[in-house]
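Structure at a glance
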There are 2 protein chains.
Amino acid sequence: MMYPELVAHIRRFIEFSEEDAEKLANCFIPVKPKKKELLLEPGKLCKGNYFVIKGCMRLYFVNDKLTEQITQFGIENWWIADNDSLLSRKPSRYYLQALEDSELLLLTPQNHNKLLTPLPNFETYLRIMYEKALVASQRRVEFILCLTDEERYRMFSELNPAFIQRVPQYMLASYLGFTPQFLSRIRAKKA
Amino acid sequence: MMYPELVAHIRRFIEFSEEDAEKLANCFIPVKPKKKELLLEPGKLCKGNYFVIKGCMRLYFVNDKLTEQITQFGIENWWIADNDSLLSRKPSRYYLQALEDSELLLLTPQNHNKLLTPLPNFETYLRIMYEKALVASQRRVEFILCLTDEERYRMFSELNPAFIQRVPQYMLASYLGFTPQFLSRIRAKKA
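Residues numbered from 1 in each chain as written. Chains lettered and ligands numbered in written order. Predicted model: local features only at pLDDT ≥ 70, side-chain atom pairs only at ≥ 80, totals over all residues. Heavy atoms only, no water.

Points about the side chain of His9(A)
Residues and elements named next belong to chain A. This is how the line gets drawn: Here a helix means four or more residues in a row that DSSP labels H or I, a strand means two or more in a row labelled E, and each is numbered from the N terminus. Burial classes follow relative accessibility: with a 1.4 Å probe on protein chains only, a residue under 20% of its type's maximum area counts as buried, one over 50% as exposed, and anything between as partly exposed. Throughout, a contact is declared for two residues whenever any of their heavy atoms are within 4.5 Å.
With respect to the element layout, histidine 9 can be found in helix 1 (residues 4–11). Judged by relative accessible area, histidine 9 falls into the buried class, the value being 5%. In contact with histidine 9, not counting residues within four places along its chain, are Phe51, Asn77, Tyr125 and Met129.

Spelled out as structure tokens, the structure:
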């Protein structure tokens, strides 16, 4: 079996035989970005959907005020991509960057299409991944609209304890939409 | 063909033959809520995924400050559901309410499962729907984090001109996370 981590993850959600697993062979491109390496830049097409075997990635753009706005993180067993660029085949507005030396599996749209007929249940797995990502994104909207910075920080820390340790505080602040005031208070506490 | 609106929508995204369309028969339950009718309440399981043929729906919850927080709208050709309850089979925290007399097609998880084997391309259609919904949700996070109330209102109006006419201003304010100050300013301008 070529992709044990991915197959193990698929099996958390759907039935997936050894035979199914064999059909994935050569449909993913291994990508091993070093820390800080960029896999996507504004103006480029997103190459596909990345499954994270190991490491940590972030998707961000630079807003009008020239600050980095992080829209997604990806750690082990998460998928990360600029889905907007991927779906519409339009150039991206984002950077996709490794925050640690990482190991990824890239599924290009071409290889994805090749899997549809021989492996229809893989589409069910992907549908569930998108459904989960949608739930997470909608929950994030709720947190931003309904919780104070302090509540949001506590909630996120409880839901993602391992994550908090791996990502610099200022990136978390960008992701969670903290005010600069709250960010300096966290920093002051840490010091 | 039993569901012409749905089939027309599916064909915008994937190839879908007459034979495919016939296989959908009896897998959807027509639901026709009257204006203000609730199809889901907190504590209940979400019955499935609703495709909107006609009308307008909203998904919302009541937050700690006892105000309604709208998380999703659904108009013609949109799908709406509490995906969290649907995926996890846990009781919902949401209300799903008709804002107009509406016509929907309900896809229950049981009927969805029945379609997987005979109609694998329907799963591709749903995967694309979730991918689009994810892109929209992530864009909404960006708007909330990066734009002022005024910019957000203008952006949303430009992207959804028809929608602005159909939904009461205070609901739009809830969805877009406006400050009460900004909402009263819009109201004053209208008056």
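Observations regarding helix 8 (residues 169–176) of chain A
Residues and elements named next belong to chain A. The buried fraction of helix 8 is high, at 7 of 8 residues. Listing the buried residues of helix 8 in full gives Gln169, Met171, Leu172, Ala173, Ser174, Tyr175 and Leu176. Phi turns positive one or two residues past the end of helix 8, at glycine 177, with a value near 70°.

Details of the sheet that holds strand 8 (residues 103–107) of chain A
Residues and elements named next belong to chain A. We apply this condition: Strands pair, by our definition, only if DSSP identifies at least two bridges between them. All axes here are fitted lines through C-alpha atoms, helices being fitted over the stretch that makes contact, and every angle between N-to-C directions spans 0 to 180 degrees.
The 4 strands lie next to each other as 1-8-3-6, forming an open sheet whose pairing is antiparallel. Bordering the open sheet on either side are strand 1 (29–31) and strand 6 (79–80), each of which pairs with just one other strand. As paired elements, strand 3 (residues 49–54) and strand 6 share 2 bridges and run antiparallel to each other. Within strand 6, the position partnered with tyrosine 50 by the bridge is isoleucine 80. With respect to the sheet, helix 1 is in contact with strand 3, strand 6 and strand 8, its orientation differing from that of strand 3 by roughly 105°.

What to know about the environment of Glu37(B)
Residues and elements named next belong to chain B. Tracing the backbone shows glutamate 37 in the loop between strand 1 (29–31) and strand 2 (38–40). Each C-alpha atom, one on glutamate 37 and one on leucine 99, is 8.1 Å from the other, the two residues being 62 residues apart in sequence. Apart from residues no more than four positions distant in its own chain, glutamate 37 is found in contact with Lys32, Leu96, Gln97 and Ala98.

So, the packing of aromatic side chains
Rule in force here: Here a Phe, Tyr or Trp ring, Trp counted by its six-membered ring, pairs with any other such ring whose centre lies within 6.5 Å, and the pair is stacked when the planes are under 30 degrees apart, edge-to-face when over 60, and tilted otherwise. Should the NZ of a Lys or the CZ of an Arg lie within 6 Å of a ring centre and within 35 degrees of the ring normal, that charge is described as sitting over the ring.
In total, this model carries 30 aromatic pairs over all chains according to the counting rule given. Here Tyr153(B) and Phe178(B) contribute two aromatic rings whose centre-to-centre distance is 5.9 Å and whose plane-to-plane angle is 65°, an arrangement assigned as edge-to-face. Of this pair, Tyr153(B) sits in helix 6 (residues 149–159) while Phe178(B) sits in the loop between helix 8 (169–176) and helix 9 (180–190), placing them 25 residues apart in sequence. An identical accessibility class is assigned to Tyr153(B) and Phe178(B); each is buried. Linked through ring pairs, Tyr3(A), Phe13(A), Phe28(A), Phe51(A), Trp79(A), Phe122(A) and Tyr125(A) together constitute an aromatic cluster. Between the NZ or CZ atom of Arg58(A) and the centre of the ring of Tyr60(A), over which it lies, the distance is 3.8 Å.

Some thoughts on the relation of the copies chain B and chain A
Cut-off, in case you're wondering: A least-squares fit on C-alpha atoms brings the copies together, and the residues used are those whose pLDDT is at least 70 in both copies.
Each copy of the sequence occupies a distinct position, and chain B is placed on chain A by a rotation of 180° and an axial shift of 0.0 Å, giving an RMSD of 0.0 Å. A rotation of that kind, with that shift, is consistent with a two-fold axis. Take the interface residues of chain B: 100% of them recur as interface residues in chain A, which is what a same-surface contact looks like.

Observations concerning the sheet that holds strand 7 (residues 95–98) of chain A
Residue and element names in this part refer to chain A. If you walk across this open sheet you meet the 4 strands as 2-7-4-5, and the pairing is antiparallel. Two strands bound the open sheet, and with one partner strand each, they are strand 2 (38–40) and strand 5 (68–75). Here the average twist between neighbouring strands, direction ignored, is 25°. Bridge analysis of strand 4 (residues 56–62) against strand 5 gives 7 bridges, and the strand direction is antiparallel. Bridging from a neighbouring strand, valine 62 pairs with glutamate 68 of strand 5.

Here's the deal with the confidence of the model for chain A
Counted only if it meets this: Scored from 0 to 100, pLDDT reflects the predictor's confidence in each residue.
Per-residue confidence for chain A gives a mean pLDDT of 91; residues scoring 70 or more make up 98%. Our summary of model confidence lists the complex with pTM equal to 0.92 and ipTM equal to 0.91.

Let's talk about the pattern of salt bridges
Any two side chains of opposite charge can pair, so long as their charged atoms come close to each other. Short version of the rule: By definition here, a salt bridge exists when the distance from a side-chain nitrogen of Lys or Arg to a carboxyl oxygen of Asp or Glu is within 4 Å.
If you walk through the whole model with that rule in mind, you get 20 salt bridges over all chains. Between Glu100(A) and Arg166(A) there is a salt bridge; the shortest N-O distance is 2.9 Å. With a gap of 66 residues between them, Glu100(A) in the loop between strand 7 and strand 8 and Arg166(A) in helix 7 (residues 161–166) connect regions that are remote in the sequence. Its relative accessible area of 28% is what places Arg166(A) among the partly exposed residues. Here Glu150(B) makes a salt bridge to Arg185(B), at a shortest N to O gap of 2.8 Å.

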